[in-house]
Amino acid sequence: EDFPLADDIVSKFMTKYLLFSVCWSFAGDAHLSLRMKYCDDMTKCIGGAIPLPDSLMGDTTLLDFEVRVEDGEWHHWDRRVPTLDIEPDKVADSSLIISTVDTVRHTATLAAWLEERRPFILSGPPGSGKTMTLMSTMKSMAGQLELASLNFSAGTTPELLLKTFELYCEIVKTPSGFVMRPMQLG
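Summarised in this report is the structure supplied together with it. Every residue gets a number counted from 1 within its own chain, in the order that chain's sequence is written. Selection of residues for local features in this predicted model requires a pLDDT of at least 70, selection of side-chain atom pairs for listing and counting requires 80 or more, and totals for whole chains, interfaces and linings are taken over all residues. To obtain the side-chain values, all non-hydrogen atoms of the structure were used and water was disregarded.

## Observations regarding the nonpolar core
Consideration 1: Residue types Ala, Val, Leu, Ile, Met, Phe, Trp, Tyr and Cys, when buried and joined through side-chain atoms within 4.5 Å, form a set referred to as a nonpolar core. Only protein chains enter the accessibility calculation, which uses a 1.4 Å probe; a residue is then buried when its area is under 20% of its type maximum, exposed when over 50%, and partly exposed in between. Counting residues in hydrophobic clusters, the biggest one holds 13 residues, and the most contacted among them are Leu 19, Cys 23, Cys 39, Leu 62, Val 67 and Trp 74.
Consideration 2: Only DSSP runs of H or I reaching four residues or more are called helices, and only runs of E reaching two or more are called strands; each is numbered from the N terminus. Looking at this core, the elements with two or more residues in it are helix H1 (7-27), helix H2 (32-46) and strand E1 (65-67).
Consideration 3: Ranked by residues supplied to this core, first place goes to H1 with 4 residues.
Consideration 4: In this description, contact between two residues means that some pair of their heavy atoms is separated by no more than 4.5 Å. Every residue in contact with Leu 19, bar those within four places of it in the chain, is listed here: Met 42, Ile 46, Ile 50, Leu 52, Leu 62 and Trp 74.

Now the structure itself:
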């Protein structure tokens, strides 16, 4: 059997994931109050046609849950947030990353995009956590990826860019000419 999940689990996953995807697609980048209202309206709109998480109440919306393919059930994102015991001398460590529901959710999304080799751009103001989130995600995927960091400034020249690419790429002759492609890991 190519797909080891039972048909009922696949069906549960697909219906719930469709609702999850619609909520994120239409309200994911809205302000929190609008996201919450949209999700609340969606849950009223489906009228019990799709089983909802038991703990939907107050400030908890569908966006606080994920649907896992293994069982087709709703799981609150906070179940993925690890508990940390931090030594007092490590509190000021700038490399310390304290996971939250948002960072766990962002890491899961970035990891899915990276695994599928999808291009993406992280944007936001300085200090908003773009680099930290990407580095944390890549660290969690150790062995699957290698980071080639490129920082651009007024002093960046084409030669410097090519030298950086040469560290991580190989030049291969193809029927279309020479191309640079990433070296294989290992």
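From this point on, the discussion continues.
## Things to note about the state of the cysteines
Consideration 1: Disulfides are defined as cysteine sulfur pairs within 2.5 Å. Evaluated as defined, the whole model comprises 0 disulfides.
Consideration 2: Here Cys 39 is not disulfide-linked; the sulfur of Cys 23 is the nearest cysteine sulfur, at 3.9 Å.
Consideration 3: Here Cys 39 falls in the buried class, since its relative accessible area comes to 1%.

## Structural notes on the side chain of Thr 107
Consideration 1: Relative to the helices and strands, Thr 107 is located in helix H3 (residues 101-115).
Consideration 2: According to the relative accessible area criterion, Thr 107 is buried, its value standing at 17%.
Consideration 3: With residues up to four places along the chain from it excluded, the contact list for Thr 107 reads Ser 136, Thr 137 and Ser 140.

## Here's the deal with H1
Consideration 1: For a helix, the expected span equals 1.5 Å multiplied by the residue count minus one. With 21 residues, H1 ought to run about 30 Å at 1.5 Å a step, and its terminal C-alpha atoms sit 30 Å apart, in line with that.
Consideration 2: Among all positions in H1, only Phe 13, Lys 16, Leu 19, Phe 20, Cys 23 and Ala 27 are buried. Looking down the long axis of H1, one finds its buried residues gathered within 140° of arc, a one-sided arrangement. Residues Asp 7, Met 14, Leu 18, Ser 25 and Phe 26 are exposed on H1 and point more than 90 degrees away from its buried face.
Consideration 3: Contact partners of the buried residues in H1: H2, E1 and strand E2 (74-76). The directions from the helix axis to the C-beta atoms form the arc being described.

## Notes on the packing of aromatic side chains
Consideration 1: Centre distance within 6.5 Å is the pairing criterion for rings of Phe, Tyr and Trp, where only the six-membered ring of Trp is used; planes under 30 degrees apart are then read as stacked, over 60 as edge-to-face, and the remainder as tilted. Scanning the entire structure with this criterion turns up 4 aromatic pairs.
Consideration 2: For the pair Phe 13 and Tyr 17, a centre-to-centre distance of 5.1 Å together with 25° between the ring planes defines the contact as stacked. Note that Phe 13 and Tyr 17 are positioned in helix H1 at a spacing of 4 residues, about one turn of the helix.
Consideration 3: Residue classification places Tyr 17 among the partly exposed positions, given a relative accessible area of 35%.
Consideration 4: Pairwise contacts between aromatic rings join Phe 13, Tyr 17 and Phe 20 into one cluster.

## Some points on the layout of surface pockets
Consideration 1: Grid spacing is 1 Å over the protein atoms alone, the probe is 1.4 Å, and a cavity is where that probe fits but cannot get out, while a pocket is an open set with protein on both sides within 12 Å along at least five of seven lines and lining residues have an atom within 4 Å of a point. Grid points are joined across faces, edges and corners, and a volume is the space filled by probe spheres set on the points. Of the voids in this model, the largest pocket is the one considered here, and its volume is about 1400 Å³.
Consideration 2: Forming the walls of the largest pocket are 39 residues, and the residues nearest its centre are Trp 24, Trp 77, Arg 105, His 106 and Thr 109.
Consideration 3: Among the secondary structure elements, those contributing two or more residues to the lining of the largest pocket are H1, H2, E1, H3 and helix H4 (130-140).
Consideration 4: With 8 residues, H3 is the single largest residue contributor to the lining of the largest pocket.
Consideration 5: We call Asp, Glu, Lys and Arg charged. Ala, Val, Leu, Ile, Met, Phe, Trp, Tyr, Cys and Pro are nonpolar, and the rest, Gly among them, are polar. Taken together, the residues that form the lining of the largest pocket break down as 16 nonpolar, 10 polar and 13 charged.
Consideration 6: In this model, the second largest pocket occupies a volume close to 1000 Å³.
Consideration 7: The wall of the second largest pocket is formed by 28 residues, among which Leu 114, Met 138, Glu 146, Leu 147 and Ala 148 lie closest to the centre.
Consideration 8: Broken down by secondary-structure element, the contributors of at least two residues to the lining of the second largest pocket are H4 and helix H5 (158-168).
Consideration 9: Looking at the lining of the second largest pocket element by element, the count peaks at 5 residues for H4.
Consideration 10: Looking at the lining of the second largest pocket residue by residue, the classes come out as 19 nonpolar, 5 polar and 4 charged.

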